[in-house]
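Letter by letter, the chains look like this.
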Amino acid sequence: MSEPAIGARPSPEDDLKLVAAALARLSEHFDSVAIFTTKQNGSDTQRIHRFSGNWFANFGQIRSWVVAAEKEARWERLKELESEE
């Protein structure tokens, strides 16, 4: 894959190629890989998500992360409310 000119933003196609290459490389070392990306393109948000390996392992890993992030957010909010009292 050729590099874009200095100062130029990579095209969405270049972004997809980059994510695909990263997925392929990581998949050589891990049983399951999940990649999520976002990038602002003007007023639009480009989203790329790619997975490799066992679907159930990916799903479980993502779910575990979401549950932990929600729990942490609730805990932080509780601490904020307690400090306001």
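Keep in mind that this is a model prediction, so the values were computed, not measured. (Residues numbered from 1 in each chain as written. Predicted model: local features only at pLDDT ≥ 70, side-chain atom pairs only at ≥ 80, totals over all residues. Heavy atoms only, no water.)

## Digging into the pattern of salt bridges
- All told, the structure shown has three salt bridges when counted by the stated rule.
- Note that Lys-79 is salt-bridged to Glu-76, the shortest N-O span being 3.2 Å. Taken as a pair, Lys-79 and Glu-76 lie in helix H2 (residues 55-84) at a separation of three residues, close to a single helical turn.
- The class for Lys-79 is partly exposed, based on a relative accessible area of 36%.
- Under the relative-accessibility criterion, Glu-76 is labelled partly exposed at 34%. (Salt bridge = Lys/Arg side-chain N within 4 Å of Asp/Glu carboxyl O. Helix = DSSP H or I, 4+ residues; strand = E, 2+ residues; numbered from the N terminus. Buried < 20%, exposed > 50% of the residue type's maximum accessible area, 1.4 Å probe, protein only.)

## Describing the pairing of strand E2 (residues 44-53)
- Strand direction decides the pairing type here: strand E1 (residues 32-41) and E2, joined by 10 bridges, are antiparallel. Bridge assignment links Thr-38 to a residue of E2, and that residue is Arg-47.
- Here E1 hands over to E2 after two residues, with Gly-42 in that stretch at a positive phi of 70 degrees. (Pairing = 2+ DSSP bridges.)

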